[in-house]
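Given next are the chains, with one letter for each unit.
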Amino acid sequence: MTSRIQSAAPGSGEQASGRPPYPAEPSGNGRAPGQPGRVPLDELHETARRIAANVERVLVGKPDVIRIALVTLLAEGHLLVEDVPGVGKTSLAKALARSIDCTVSRIQFTPDLLPSDVTGVSIYNRQSGGFEFRPGPVFANIVVGDEINRASPKTQSALLECMEEHQVTVDTSTYHLDEPFMVIATQNPIEMEGTYALPEAQRDRFTARVSIGYPDQQAELAMVDEHAGHNPLDDLQPVSDGETVHRLIETVRGVHIAPEVRRYAVDVVAATRQVPEIRLGASPRATLHLVRAARAQAALSGRDYVVPDDLHTVAVPVLAHRLVLTTEAHAARRSATDVVRAVLHRVPVPQGSRP
C-alpha cells in the first residue's frame, strides 16, 4: 500500500540549488545513558507510513486527518477530535491506539464520572494496615477519552496534570505515567444538551484539534463495500510498539529549527493576540506546541530541519482551537480557522540564508 503521509509543498524558504535553506545540526545518535536512541529519518518515515496505512484501513479517505494524528503523536502531544456523530472520531482514536503495540485504555466520559475514576484511588488494605493506590485508566500509553465534554468540569480537570506533566497526584503522592503518553479525546460540538464545554485551560493542553468531516462519495462507497459486513477494528494488528515510538519521538526532538524559523513561529503566535476579532489569543504554550508539531511534520517529510511550510501545514490544527473570538467575529461568521489563515498571510515569511 502506498504511503498517504503528505509532505509539505515546497515554499519560498527552499533554495533552487537543493540545499536546505536553514542549516541542519550535525547528525548523530548520541544519547544519555538509559535514554532511547534516535532512528534514521527513512526508518521514521517507513514506520509512520505503516501506521498511517493501518489506520486508513478503518478511516477511509482521510489521509490529512491521519497525518495530523501522527504529527501529534510524534510531537509528544494530545489530540482533540471534534466533529458530528458518525464520521469516525472514536474509530480514529482506537485505530491509532491499536496500531501501536503498547498499553491502551478507553474512558467513556459521562456526567456521573468522578476524578478518581480517571486517575485512580487509594484504598485501605486491612491486612497491611495501610493505603494502597489502585491506578486508574489514565495509566496507559494511549488514553482514548470518548465524549470528553459529557463529564463535569471537576472530572475534566483530572486530566490537566496528566496531560501537561505526565504525572498523577493522589493524596499528596505523585505517580509518573509511562512514556510515550498521549490522550486522544473526542467531543461532539452539535449535541450540546447535557454537556460541559472544555475550559480554555484544557483546550490549550491539546496540541492539535482535527475535524474529520464527511467522506466523499467514492470513499463512502468503499467504506460500505469493506466495512458493512464486519468491524475493521477487529482485524487490526499492531505495526509498531511503544519503544519504537519513543525512539521516533527522540528523532523528532533532534530536528533542527533555525533562529529565523523560531522567530517566525513566535511572530505568528504573537499576531493572534493583536487581531481585533480575537478576545483571547494563543498562549506561549501554543508556541511550544507549534514548534514541536512543525518538527514532527518536517521529519514525516523526510527532512531533519524545519522550513516555514511546516509551520503553515500545522498552524490551523495547532492554533485555531485555542482562540476565543469576539461576539462581532461570530456575528460576521468568521471562524478561528479564517483568522489563523489571515495571520499566516499577513506575517512576513523569513527567507532562507544564501548557500
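Residues numbered from 1 in each chain as written. Predicted model: local features only at pLDDT ≥ 70, side-chain atom pairs only at ≥ 80, totals over all residues. Heavy atoms only, no water.

### Structural notes on the overall build of the chain
Counting secondary structure elements, the chain contains 14 helices and 13 strands. Going through the 355 residues of the chain one by one, you find that 52% of them count as buried. The long-range share in the chain, meaning contacts at least 24 apart out of those at least 6 apart in sequence, stands at 79%. Accessible surface, the chain: about 16,900 Å² in total, of which carbon and sulfur atoms supply 49%. (Helix = DSSP H or I, 4+ residues; strand = E, 2+ residues; numbered from the N terminus. Buried < 20%, exposed > 50% of the residue type's maximum accessible area, 1.4 Å probe, protein only. Contact = heavy atoms within 4.5 Å. Areas by Shrake-Rupley, 256 points an atom, 1.4 Å probe, with all protein chains shown as cover.)

### Things to note about the nonpolar core
Membership of the largest hydrophobic core comes to 79 residues, with the highest contact counts inside it found for Leu79 and Leu319. Broken down by element, this core gets its largest block of residues, nine residues, from helix H11 (residues 284-300). The contact partners of leucine 79, leaving out residues within four places of it in the chain, are Ile68, Ala69, Thr72, Met182, Val183, Ile184, Ala185, Phe206, Ala208 and Val210. (Core = buried A, V, L, I, M, F, W, Y, C linked by side-chain atoms within 4.5 Å.)

### A word on empty space enclosed by the protein
Within this structure, the stated rule accounts for one cavity of 30 Å³ or more. For the largest cavity, the calculated volume is near 40 Å³. Forming the walls of the largest cavity are Leu73, Glu76, His166, Glu179, Pro180, Phe181, Met182 and Ile249. Residues that form the lining of the largest cavity fall into these classes: five nonpolar, one polar and two charged. (1 Å grid on protein atoms, 1.4 Å probe; cavity = no way out; pocket = protein on both sides within 12 Å on 5 of 7 lines; lining within 4 Å. Points joined across faces, edges and corners; volume = space filled by probe spheres on them. Nonpolar A, V, L, I, M, F, W, Y, C, P; charged D, E, K, R; others polar.)

### Some points on the layout of surface pockets
In this structure, the largest pocket occupies an estimated 470 Å³ of space. Residue lining of the largest pocket: 23 residues in total, with Glu82, Arg203, Arg209, His321 and Leu323 positioned closest to the centre. If you list the elements that add at least two residues to the lining of the largest pocket, you get strand S1 (79-82), helix H7 (200-203), strand S13 (324-325) and helix H14 (336-346). Each residue belonging to the lining of the largest pocket can be placed in one class, and the counts come to 10 nonpolar, six polar and seven charged.

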